[in-house]
Amino acid sequence: MTAMKFVSIGECMVEFAQSNTKGMWVRNFAGDTFNTAWYFKKLAKPDWQTAYFTCVGDDKVSDELLGFIAGAGVEIDQIAQLPGKSPGLYSIELDGAERSFSYWRDSSAARELAGNPDLLAKVLADAQEVYFSGITIAILNNDHKRNFIDALSAARKSGTSVSFDPNIRPRLWSGPESICHWTHEAAKVSSRVFPTHDDEADLFSDKDLHATADRYQNLGAEEIVVKNGPAPCLAVSGNEQIEVSATKVAHPVDTTGAGDSFNAGYLAARCSGETMANACRFAHNLSASVITHHGALIPESAVVALKTG
């Protein structure tokens, strides 16, 4: 059996999160696209390999980060280590189940991930499914943004499936014009898009989920899943449009990683041959489980229970 490869591209950072002990913080590693890779690895069938591509430094923390990724069973063979660089860092503070972030990433090695077009082309050539986010693009300078988009365009034309979550974070951008431009540039080279309606409505004035889906379909995406928090999501492909109710959660604890895990659940299901409707149901179930735990990555036993349940 020939193995298929899923490659997620972006930034995995050092995470500091508040613990249950006042004044104490716990250090982890996480990042939106790595979270998706982590869940995909746990959920995909054995004929799928999972890899992560980024850049890290040559310091001790970078070595720990690589060990953490590899320890999750995610391939690190093509991750570039850059002399004198380090990973970015962020902290999470919770207000109830909602979270806020502070970032220290200006000198993050991951900002150079599209600086070597030859390496990027090699990474993409090995993949059948590629995943990235708006954060992946936001951290790059404009020349590297263009390198990245062009490489994805070539990969899609050669038959690679390209999935994109706009994951709009205004603080990472110079302003709304830049967000809109590069979000649409990314969508044009993507096979599948996972927008979040509230974010899209604020930025693009989409009146409803159908308007969001129509906009991305007009840009060339073949499949769009518009996430909508605890309300039903909308999945669109060609003339098919379905709404799938979210899984109810009585007592959410922490919404960190909800969207990342949803995307992973959906992609793992679709890569296993499931319909859009079944993929949405599975993705909702996974996301619902995630928000009943602290942190982006929940205990593996909870993921396995969903997979086998």
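Described in the following lines is the structure provided in the data block. (Residues numbered from 1 in each chain as written. Predicted model: local features only at pLDDT ≥ 70, side-chain atom pairs only at ≥ 80, totals over all residues. Heavy atoms only, no water.)

**Some remarks on the nonpolar core**
Thinking step 1. Ile9, Leu113, Leu124, Phe132, Ile137, Phe148 and Leu152 are the most contacted members of the largest nonpolar core, which has 45 residues in total.
Thinking step 2. Top element by residues in this core is helix H5 (residues 142–157). It accounts for five residues.
Thinking step 3. Ignoring sequence-local partners within four residues, the contact set of Leu124 consists of Ile9, Val130, Ala151, Leu152, Ala155 and Thr160.
Thinking step 4. In this structure, Trp48, Phe262, Ala277 and Val303 belong to the second largest nonpolar core, which totals 44 residues. (Core = buried A, V, L, I, M, F, W, Y, C linked by side-chain atoms within 4.5 Å. Buried < 20%, exposed > 50% of the residue type's maximum accessible area, 1.4 Å probe, protein only. Helix = DSSP H or I, 4+ residues; strand = E, 2+ residues; numbered from the N terminus. Contact = heavy atoms within 4.5 Å.)

**Description of the packing of aromatic side chains**
Thinking step 1. The full count for this structure, using the stated rule, is 11 aromatic pairs.
Thinking step 2. With a centroid separation of 5.6 Å and an interplanar angle of 85°, the aromatic rings of Phe34 and Tyr52 are classed as edge-to-face. In this pair, Phe34 sits in helix H1 (residues 32–43) while Tyr52 sits in strand E4 (residues 48–53), placing the two residues 18 residues apart along the sequence. The residues Phe34 and Tyr52 share a single accessibility class, namely buried.
Thinking step 3. On the numbers, 5.6 Å between centres and 50° between planes, the contact of Phe34 with Phe68 is tilted. Of this pair, Phe34 sits in helix H1 while Phe68 is found in helix H2 (residues 60–71), placing the two residues 34 residues apart along the sequence.
Thinking step 4. According to the relative accessible area criterion, Phe34 is buried, its value standing at 0%.
Thinking step 5. By the ring-pair criterion, three or more aromatic residues cluster together here, those being Phe6, Phe40, Trp48 and Tyr131.
Thinking step 6. If you follow Arg215 out to its NZ or CZ, it ends over the ring of Phe204, 3.8 Å from the centre.
Thinking step 7. Between the NZ or CZ atom of Arg215 and the centre of the ring of Tyr216, over which it lies, the distance is 4.6 Å. (Phe/Tyr/Trp six-rings, centres within 6.5 Å; stacked < 30°, edge-to-face > 60°. Lys NZ or Arg CZ within 6 Å of the ring centre and 35° of its normal.)

Everything listed here is a matter of coordinates, which is why it stays silent on function.
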